[in-house]
Amino acid sequence: GVVLAQVKRLCAVGSLPSRSVGVPGAMVDCVCVVDEEDHDVFHRMSYTKRHDPVLCGEIKSPSDEVPKMPLDERKVIARRASF
C-alpha cells in the first residue's frame, strides 16, 4: 500500500521526541503539508470540533472542569459499557 502523511508543518530531523511520532518516516511514501486556514475548514477532528488537544491525547483535561453525573441509570450503563 501507499502511506500518505498529512501534516500541518515540517520539522527538522531529530526535533521531535520519537514517542510523539505515529508512523516512522521510512514508511511514509508522500507528505502533504496543509495550510493552517485549510486545516481548520476541511480537516476537522470531528464534525463539530476543529482541534481538541484533549481528544488526541496531547494534554490532559482537568478533572474539576467535568461536571459529575448523578448516580442514575445512565451512569450505571456508562460504567458497565466501559468494561
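Structure: above.
These numbers were taken from a predicted model, which means no experiment stands behind them.

We now examine a negative patch on the surface. A cluster of like negative charges, contributed by D35, E36, E37 and D38, occupies part of the molecular surface. Its place among the elements puts E36 in helix α1 (residues 36-42).

Let's shift gears to the side chain of K75. Residue position: K75 is located in helix α2 (residues 73-81). If we skip the residues at most four places from it in the chain, K75 touches M69 and P70.

To continue, consider the environment of L10. Relative to the helices and strands, L10 is located in the loop between β1 (4-7) and β2 (30-33). For the pair L10 and R74, spaced 64 residues apart in sequence, the C-alpha to C-alpha distance is 45 Å. Apart from residues no more than four positions distant in its own chain, L10 is found in contact with V31 and V33.

Taken together, the side chains of V3, V23 and M27 define a hydrophobic patch exposed on the protein surface, amounting to about 250 Å² of accessible area. Structurally, V3 is set in the segment before β1.

Definitions and limits used
- Per chain, the residues get numbers from 1 upward, laid out in the order the sequence is written.
- The predicted nature of this model means local features are confined to residues of pLDDT at least 70 and side-chain atom pairs, given and counted, to a pLDDT of 80 or more, with totals for whole chains, interfaces and linings taken over all residues.
- The side-chain values count all of the structure's non-hydrogen atoms but skip hydrogen atoms and water molecules.
- Residues enter a patch when their relative accessible area is above 30% and they make no salt bridge; the linking distance is 9 Å between like charges and 5 Å between nonpolar side chains (Val, Leu, Ile, Met, Phe, Trp, Tyr).
- Using a 1.4 Å probe, the Shrake-Rupley method yields the accessible areas, and only the shown protein chains count as cover for residues.
- In the sections that follow, a salt bridge refers to a side-chain nitrogen of Lys or Arg positioned within 4 Å of a carboxyl oxygen of Asp or Glu.
- We count Lys and Arg on the positive side and Asp and Glu on the negative side, and we leave His and both chain ends out.
- To locate a charge, take atom NZ for lysine, CZ for arginine, CG for aspartate or CD for glutamate.
- A run of DSSP states H or I qualifies as a helix once it reaches four residues; a run of E qualifies as a strand once it reaches two. Both are numbered from the N-terminal end.
- Residues count as neighbours in contact if any of their non-hydrogen atoms are within 4.5 Å of one another.

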